[in-house]
Amino acid sequence: MSFTGRGRLVVLSGPDAGTTYTLDRECTRIGRAPDNDIVLQDPFASRRHAEILWEDGRYRVRDLGSKNGVFLDGQRVQEAWLDDGCVLQLADIQLRFHDPAATRTQVAAPASPQHGLWVDPERREVWVDGRLLDPPLSCRPPSSPSSCSSGGPRAVR
């Protein structure tokens, strides 16, 4: 199977905050050592801290035996699937994962209420006071327990 992913990691904290890395290979290695694909500028990061793998059309993170661990949305993990918008923490550095496959293009604007918040999970759109929120928000895929893919638009109060 050929590589088709184009996920991104955005550094949220540390000396490289604001930097965006494109996940442009099937295995991206992350750590303090200079031969990693993503080099962490953090003395608490392991030389070979973690790797992000492209498998079955999704991304997965794996801890490579790091001393300070890999955390996904605040939970320590050895291995886990990444959902759009999740936050990885490696040592003292936080990175937000973005999956371009999670955002869909708007075809036609649905009817929306004039006031309040309106969520259309099928189109993955959020409307505020009758206006489409731009840039769009992302939803976790249906496999996640906190998925926003439960049938049809709904008003949130």
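Refer to the structure printed above.
So, here's what we can say about the structure. Everything quoted here is computed from the prediction, not taken from an experiment. (Residues numbered from 1 in each chain as written. Predicted model: local features only at pLDDT ≥ 70, side-chain atom pairs only at ≥ 80, totals over all residues. Heavy atoms only, no water.)

**Details of the pattern of salt bridges**
Test applied: When a carboxyl oxygen of Asp or Glu is within 4 Å of a side-chain nitrogen of Lys or Arg, the pair counts as a salt bridge. Helix numbers and strand numbers start at the N terminus; a helix is a DSSP run of H or I with at least 4 residues, a strand a run of E with at least 2. Each residue is assigned to one of three classes by its accessible area relative to the maximum for its type, calculated with a 1.4 Å probe on protein chains only: buried under 20%, partly exposed between the two thresholds, exposed over 50%.
This structure, assessed with the given rule, holds 9 salt bridges. When the shortest N-O distance is used, the salt bridge between Asp24 and Arg25 registers 3.4 Å. Of the charged contacts in the structure, one is a salt bridge between Arg48 and Asp35, with a shortest N-O distance of 2.9 Å. One end of the pair, Arg48, is in the loop between β4 (38-39) and β5 (50-55); the other, Asp35, is in the loop between β3 (27-31) and β4, with 13 residues separating them in the sequence. Classification of Asp35 by relative accessible area gives exposed; the value is 55%. Members of the salt-bridge network, linked through shared partners, are Arg29, Glu51, Glu55, Arg60, Arg62 and Glu79.

**So, the packing of aromatic side chains**
Which entries qualify depends on this criterion: Note on aromatic contacts: the rings of Phe and Tyr and the six-membered ring of Trp form a pair at centre separations within 6.5 Å, being stacked when their planes are under 30 degrees apart, edge-to-face when over 60 apart, and tilted otherwise.
Inspection of the entire model under this criterion finds 2 aromatic pairs. Plain terms: the ring middles of Tyr59 and Phe97 are 5.3 Å apart, the flat faces sit at 65° to each other, and that makes the pair edge-to-face. Taken together, the residues Tyr59 in strand β6 (residues 58-63) and Phe97 in strand β11 (residues 93-98) connect sequence positions 38 residues apart. Judged by relative accessible area, Tyr59 falls into the buried class, the value being 1%. Exposure remark for Phe97: the relative accessible area of 0% places this residue in the buried category. Within the aromatic cluster, the residues linked to one another by ring pairs are Trp54, Tyr59 and Phe97.

**Let's talk about the sheet that holds strand β7 (residues 70-72)**
To keep things clear, this is the line we draw: Strand pairing follows a simple DSSP-based rule, namely that at least 2 bridges must link the two strands. Here an angle of 0 to 180 degrees is reported between the N-to-C directions of two axes, which are lines fitted to C-alpha atoms, with helices fitted over the stretch in contact.
With respect to topology, 6 strands assemble into an open sheet ordered β2-β1-β11-β10-β7-β8, the strand pairing being antiparallel. Strands with a single pairing partner mark the edges of an open sheet, and in this sheet they are β2 (20-22) and β8 (75-77). The sheet shows a mean angle of 30° between the axes of neighbouring strands, direction not considered. Note: strand β10 (residues 87-90) against β11, 4 bridges, orientation antiparallel. Across the sheet, residue Val87 finds its bridge partner in β11, namely Arg96.

**So, the pairing of strand β13 (residues 125-128)**
Where strand β12 (residues 117-120) meets β13, 4 bridges bridge the pair, whose relative direction is antiparallel. Counted as the bridge partner of Trp118 is Trp127 from β13. Counting the residues between successive antiparallel strands, the hairpin from β12 to β13 contains 4 residues, one of them, Arg124, with a positive phi of roughly 55°. Turn length for the β13-strand β14 (residues 131-132) hairpin, with the two strands adjacent in sequence and antiparallel, is 2 residues, and the turn residue Asp129 shows positive phi of about 50°.

**Here we look at the environment of Asn36**
Here is the rule: The criterion used for residue contact is that any of the two residues' heavy atoms lie within 4.5 Å. Under this definition, polar contacts are N or O atom pairs within 3.5 Å; protein pairs additionally need one hydrogen-donor-capable and one acceptor-capable atom, and for neighbouring residues in sequence, both atoms have to be side-chain atoms.
Tracing the sequence through the fold places Asn36 in the loop between β3 and β4. As for Asn36 and Arg47, which are separated by 11 residues in sequence, their C-alpha atoms are 8.4 Å apart. Excluding residues that lie within four positions of it along the chain, Asn36 makes contacts with Arg29, Ile30, Gly31, Arg47 and Arg48. A polar atom in the side chain of Asn36 sits 2.8 Å from the backbone oxygen of Arg47.

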